[in-house]
Structures are given as C-alpha cells and as structure tokens.
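What follows is the residue order along each chain.
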Amino acid sequence: PTSHSSSRSYMLSRVSVVLLLASTASAISLRGRAWQRRGVYGRGRTDMPSVAEVSAAVGVPAPWEAPRWVWSGAWKVHKRVLPHLHSWDRAAPADTCVNLVVVWLKAIAGNRRGEGTADGGAAYAMLPHFTRRVVAWPLCYLYPRLHHANVALRTAYLDQQVERELSAAGQRPTRVVVLGAGFDTRCYRLDIGKTARCFEVDAPTTQALKRESLSRAGVDCSHVTFVPVDFAHSDWFQCLCDAGFDPRRRTVFIWEGCPPPPAACADYARDREISRDFRA
C-alpha cells in the first residue's frame, strides 16, 4: 500500500509540474512568426459582440486576450496531459476525448470563488478522485484565463437562458433536451429535476463514460433519460421520441459547443417543421 501510494503521489507531482509549466508558458508573451501573432479570436469583428460586452452581460470575467497560438498551445497541452490525469480512472477514454477536456475546464472555472462561475463542485465531482486535485481550490487560480474562462462565459449565458425559460413555464410540464450533452452538468446542478424532465442525447461511447463518472460521484440521475445516438447516421429526433419524449410538451433545446454533423444539416428543413409544431 505504501509503495502504491508513493507511486501515485509521484505521478500527481509530475502532472502538477507539467500543468504549472504549461500555465506559466501560456502566460508569457513569446516571440513568434507573423501567423502566430494574429491576436485573439473575434478581435475586429463587427458582426458579433465583443468579449467584454458578453462578460458584462453574463457577469463572468472575460478570458485573457492572448494570441491565437497561445490558445492553440494550451489546448494541445490539455489533450496531451489528459491520459495521465485518467491513468487510474475506470472511465478513462480509449482515445482523445474532447468532452473530458471540457469537464476539466469547467472544474477549473467551477472551483474559482467570487467570479460568478462556481458550480457547487458539480464538474469537479465527476473527475478522478486523486488527480482532480490539480484543479482544486486554490490550485485552480494557477491557470490563466484561457479556455476555461471561454467555456465559463457560454455556460453562464446558457444557464441564465434555461432558468429564464423554466421560470416562464411556471407549472406547465416542461422538457429539457441537451443535444451532444457530453459531460454537461446543467441537468444536475440547476435543480431542473423539480420542474422538468431531462433528456441527454449523445454518442453511445461518450454517454457511457459520463454515466460511469456520474455513478462514481454519486449523482442522482433519476430525472434524466439518456438517449444514445449516432448523429451522423441516425435520426436523432426519432430516437428521442422512442425514448419517451413528447413533442407536444413545452421544450427547451440546448446544443452547446457542437458543430452540426452533415446528417443534422440535411435534416434542417424537417427540423424547422418540428420547431413550428413546438411553437404551436
């Protein structure tokens, strides 16, 4: 037991050092070629609100305005470190899993206090018990405001919209459908279960990893129906209905951070008909 504990402590220290170095490196303005110094995403865009405006609207601190190469480098580090973070995890991904990267980012934001991003430890609870310490409080403040701050902005905005819709529904039966749910924790931390029935639609492999993580964290999923779907080759709406979804009920759809696959684009006309039915 002592040898195993020492091995795990050594591994954690190595991971902590790697993450700290990555954090420090991404916060330093290094020289680079012209294509590496193009500025932050969205800068100079007139067809979208500025990051500062979005930040003020949702009440969450804005990400650091770093060059694109810094954002890209930080993302690559996240993906490289991920397998080590899940070395002893039963829900470890068999290959690169962007969904797991995002839940780590949400845990960083969720553990930062006084910034409007706290999630009650929902994302943190889904991570491996040992290695998750590298994003615990106060270590979460070691990470510069890059991807986790970006994710926190959109999470805060969608949380506010969902809560507004549920409040407007009052006592009317409501459904919340999360498309491409990944490791989203919205159905568990917003106390939606008291007012709405939730459906999470995602790829079978991703959904299996999430359910394992939820089980490990002891999260109550009784109000959530999991619908495994291959978006690229299946009719997601039919699968949703087969799982007990009633399109006649008031419904809030959430599709966060997922570009639509070809099959979804091909069904756009059909989906517009569905949306008209919902409005009716």
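For every chain, the first residue of its written sequence is number 1, and the numbers climb from 1 along that sequence. Restriction of local features to residues with pLDDT of at least 70 applies here, the model being predicted, together with a cutoff of 80 or more for giving and counting side-chain atom pairs; totals for whole chains, interfaces and linings are based on all residues. To obtain the side-chain values, all non-hydrogen atoms of the structure were used and water was disregarded.

Draft legend 1. Up close: helix α3 (residues 68-85). In a regular helix each residue adds 1.5 Å, so 18 residues correspond to 26 Å; α3 covers 25 Å between its end C-alpha atoms and thus fits that length. With a 1.4 Å probe rolled over the protein chains alone, any residue whose accessible area is under 20% of its type maximum counts as buried; one over 50% counts as exposed, and the rest are partly exposed. Here a helix means four or more residues in a row that DSSP labels H or I, a strand means two or more in a row labelled E, and each is numbered from the N terminus. Along α3, the residues that are buried comprise Val-70, Trp-71, Ala-74, Val-81, Leu-82 and Leu-85. Multiplying 1.5 Å by the residue count of a helix minus one yields the expected span of that helix.

Draft legend 2. Structural detail: the nonpolar core. Membership of the largest hydrophobic core comes to 39 residues, with the highest contact counts inside it found for Val-103, Trp-104, Val-135, Val-162, Val-176 and Ile-192. If one sorts the elements of this core by residue count, helix α4 (residues 98-111) sits on top with eight residues. Here a residue-residue contact requires only that any non-hydrogen atoms of the pair lie within 4.5 Å. Not counting the four nearest positions on each side in its chain, Trp-104 is found in contact with Leu-82, Leu-85, His-86, Leu-127, Pro-128, Thr-131, Arg-132, Val-134 and Val-135. What is meant by a nonpolar core is a set of buried Ala, Val, Leu, Ile, Met, Phe, Trp, Tyr and Cys residues, joined one to another through side-chain atoms within 4.5 Å. Val-177, Val-201, Phe-237 and Phe-245 belong to the second-largest nonpolar core, a separate cluster that totals eleven residues.

Draft legend 3. View of the state of the cysteines. Two cysteine sulfur atoms form a disulfide, by the criterion used here, when they sit within 2.5 Å. Under the criterion given, the structure shown has zero disulfides. For Cys-187, which is in no disulfide, the shortest distance to another cysteine sulfur is to Cys-198 and amounts to 3.4 Å. We classify Cys-187 as buried; its relative accessible area is 1%. No disulfide involves Cys-221; its nearest neighbouring cysteine sulfur is the one of Cys-187, lying 9.7 Å away. Residue classification places Cys-221 among the partly exposed residues on the basis of a relative accessible area of 21%.

Draft legend 4. Highlighting the sheet that holds strand β1 (residues 174-179). Across the sheet, which stays open at both edges, the four strands sit in the order β3-β2-β1-β4 with parallel pairing between neighbours. Both outer strands of the open sheet, β3 (224-228) and β4 (250-255), are each paired with one neighbouring strand and no more. On average, adjacent strands in this sheet sit at an angle of 20 degrees to one another, irrespective of strand direction. A strand pair is defined by DSSP finding two or more bridges across the two strands. Sheet topology places strand β2 (residues 196-202) next to β3; five bridges connect them, and they run parallel. Following the sheet pairing, Glu-200 is matched in β3 by Phe-226. A fitted line through C-alpha atoms represents every axis, and for helices the fit uses only the stretch in contact; the resulting angles, taken between N-to-C directions, go from 0 to 180 degrees. Docked against the sheet, helix α6 (residues 147-169) engages β1, β2 and β4, running at close to 175 degrees with respect to β4.

Draft legend 5. Representation of the packing of aromatic side chains. For Phe, Tyr and Trp, rings pair up if their centres lie within 6.5 Å, where Trp contributes its six-membered ring, and each pair is then called stacked (planes under 30 degrees apart), edge-to-face (over 60) or tilted (otherwise). Following the criterion strictly, the structure yields seven aromatic pairs and no others. Judged by centre distance (5.7 Å) and plane angle (85 degrees), the ring pair of Phe-199 and Phe-245 falls under edge-to-face. Of this pair, Phe-199 sits in strand β2 while Phe-245 sits in the loop between α9 (236-242) and β4, and the two are 46 residues apart along the sequence. What makes Phe-245 buried here is its relative accessible area of 4%. Taken together, a centroid distance of 6.1 Å and an interplanar angle of 80 degrees make the contact between Phe-237 and Phe-245 edge-to-face. An aromatic cluster is present here, built from Phe-199, Trp-236, Phe-237, Phe-245 and Phe-253 joined pairwise through their rings. Here, a charge over a ring means that NZ of Lys or CZ of Arg falls within 6 Å of the ring centre while also lying within 35 degrees of the ring normal. Positioned above the aromatic ring of Trp-137, the side-chain terminus of Arg-113 is 4.0 Å from the ring centre.

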